[in-house]
Amino acid sequence: MKNFFVVTNPSKDRELENTKRIQNYLTKAGCNCKVYVNYKGEVESGNIGNWDVPSDTECILVLGGDGTLIEAARDTVDLHIPLLGINLGTLGFLAEVERTGIEYALTLLMQDKYEIEKRMMLDGWLYRSGTYVESSNALNDIVITRCGSLQIIHYHIYVNGQFLNAYNADGVIISTPTGSTGYNMSAGGPIVEPKAKLLVVTPICPHTLNTRSIVLSAEDEVVIEMTSGKKDIPVRAEVNFDGGHMRELFMGDKVVIKKSDKMTDIVKISQASFLEVLHKKMSEN
């Protein structure tokens with residue numbers, strides 16, 4: 001590799017210390033390196049694909065935490081450029097390179113000593129009164145949750161057209177294996193090997209004794225239908241794609257979720273297995 005594009009979260013890289021460090025190292029080695037500093041609110045669309053990523057870019061280096069990498073993955077998925085996360089946050093599963101290993105990682109990239117992991121993504125479609133409203137995709141998860149008051153929301157889950165269950169809960173998480181170590185894990189869902197191909201459905205604080213997650217085939221279609229409560233009181237809810245793109249939901253709305261045809265390419269340079277990384281992260285916290 002010789003051509004790099006750097007995306008930096010300035011709240012994680014104060015005074016752009018590590019950004020400049022990377023740019024200087026790559027430039028001195030004869031590589032091309034363009035930098036984009038992702039100041040919140042600077043670009044309303046938040047689409048890195050519109051930020052003039054050079055067509056010959058071979059790797060996007062993402063400085064921040066897992067959230068920064070997830071945002072970059074959604075924004076650049078149509079560019080088909082692999083991403084390497086450099087962890088400047090706290091608990092990072094996606095961003096595998098730590099500050100102390102930056103130069104070593106860059107050297108391996110320049111020597112083409114790396115692997116590419118293809119990570120499954122989700123597509124979600126919102127329908128209102130049977131009419132398509134919009135769609136988006138996610139690397140981590142698609143989350144339906146309440147907004148506003150503390151009232152619980154009511155929803156039905158269908159899998160491949162078959163009614164599964166009715167829930168009264170704070171929401172529901174539909175997660176990819178990559179996203180299993182995110183909100184899904186915090187909500188008590190299972191941790192899944194990231195290269196697996198499956199869906200995890202995890203209710204958020206359900207008002208029932210049955211709080212179990214459900215693991216489905218990657219080929220299954222999940223439909224979440226917003227329903228009324230016992231007193232037909234309207235409750236505000238929203239659907240959120242990877243913690244970024246959000247749309248308000250109303251009673252009767254349906255969110256259809258399936259495995260996306262798109263994949264996110266993650267650069268892996270460490271020889272450590274997922275279980276080794278998991279053991280290290282669990283030992284640190």
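All of these numbers come straight from a predicted model, not from anything done at the bench.

A closer look at the packing of aromatic side chains
Line of reasoning, step 1. Applying the stated criterion to the full structure yields three aromatic pairs.
Line of reasoning, step 2. Geometrically, the ring pair formed by Y127 and Y132 is edge-to-face, given 6.0 Å between the ring centres and 70° between the ring planes.

Digging into the packing of helix α1 (residues 17-28) against helix α3 (residues 102-110)
Line of reasoning, step 1. Packing of α1 against α3 leaves a shortest axis separation of 11 Å and a crossing angle of 40°. You can see that α1 and α3 cross each other, and the crossing is right-handed. Touching N18, R21, I22, Y25 and L26 of α1 are I102, E103, L106, T107 and M110, all from α3.
Line of reasoning, step 2. Tallied by class, the residues present in the contact of α1 with α3 amount to six nonpolar, two polar and two charged.

As for the pattern of salt bridges
Line of reasoning, step 1. In total, this model carries 12 salt bridges according to the counting rule given.
Line of reasoning, step 2. Notably, a salt bridge pairs R128 with D253, separated by 2.8 Å at the nearest N-O pair. Here R128, found in strand β5 (residues 115-128), pairs with D253, found in the loop between β15 (245-249) and β16 (254-268); they are 125 residues apart in sequence, far enough to count as distant.
Line of reasoning, step 3. Overall, R128 belongs to the partly exposed group, its relative accessible area being 26%.

Structural notes on the sheet that holds β15
Line of reasoning, step 1. The strand order β12-β11-β10-β7-β14-β15 describes an open sheet built from six strands, whose pairing is antiparallel. Two strands close off the open sheet at either side, each with one partner strand: β12 (214-217) and β15. When the angles between neighbouring strand axes are averaged without regard to direction, this sheet yields 15°.
Line of reasoning, step 2. Relative to strand β11 (residues 198-204), strand β10 (residues 171-175) runs antiparallel, the two sharing five bridges. Its bridge partner lying in β11, G171 is registered against I204.

Focus: the side chain of D13
Line of reasoning, step 1. The topology assignment puts D13 in the loop between β1 (3-8) and α1.
Line of reasoning, step 2. Buried charge D13 goes without a salt bridge, the closest partner of opposite sign being R99 at 5.5 Å.
Line of reasoning, step 3. At 3.3 Å, the side chain of D13 and the backbone nitrogen of E17 are in polar contact.
Line of reasoning, step 4. Once residues within four sequence positions are removed from consideration, D13 is found in contact with T8, N18, T19, L63 and L88.

Rules used throughout
Residues numbered from 1 in each chain as written. Predicted model: local features only at pLDDT ≥ 70, side-chain atom pairs only at ≥ 80, totals over all residues. Heavy atoms only, no water. Phe/Tyr/Trp six-rings, centres within 6.5 Å; stacked < 30°, edge-to-face > 60°. Axes fitted to C-alpha atoms, helices over the stretch in contact; angles between N-to-C directions. Helix = DSSP H or I, 4+ residues; strand = E, 2+ residues; numbered from the N terminus. Left-handed = near helix turned anticlockwise from the far one by under 90°. Contact = heavy atoms within 4.5 Å. Nonpolar A, V, L, I, M, F, W, Y, C, P; charged D, E, K, R; others polar. Salt bridge = Lys/Arg side-chain N within 4 Å of Asp/Glu carboxyl O. Buried < 20%, exposed > 50% of the residue type's maximum accessible area, 1.4 Å probe, protein only. Pairing = 2+ DSSP bridges. Lys, Arg positive; Asp, Glu negative; His and termini not counted. Polar contact = N/O pair within 3.5 Å; in protein donor to acceptor, adjacent residues only side chain to side chain.

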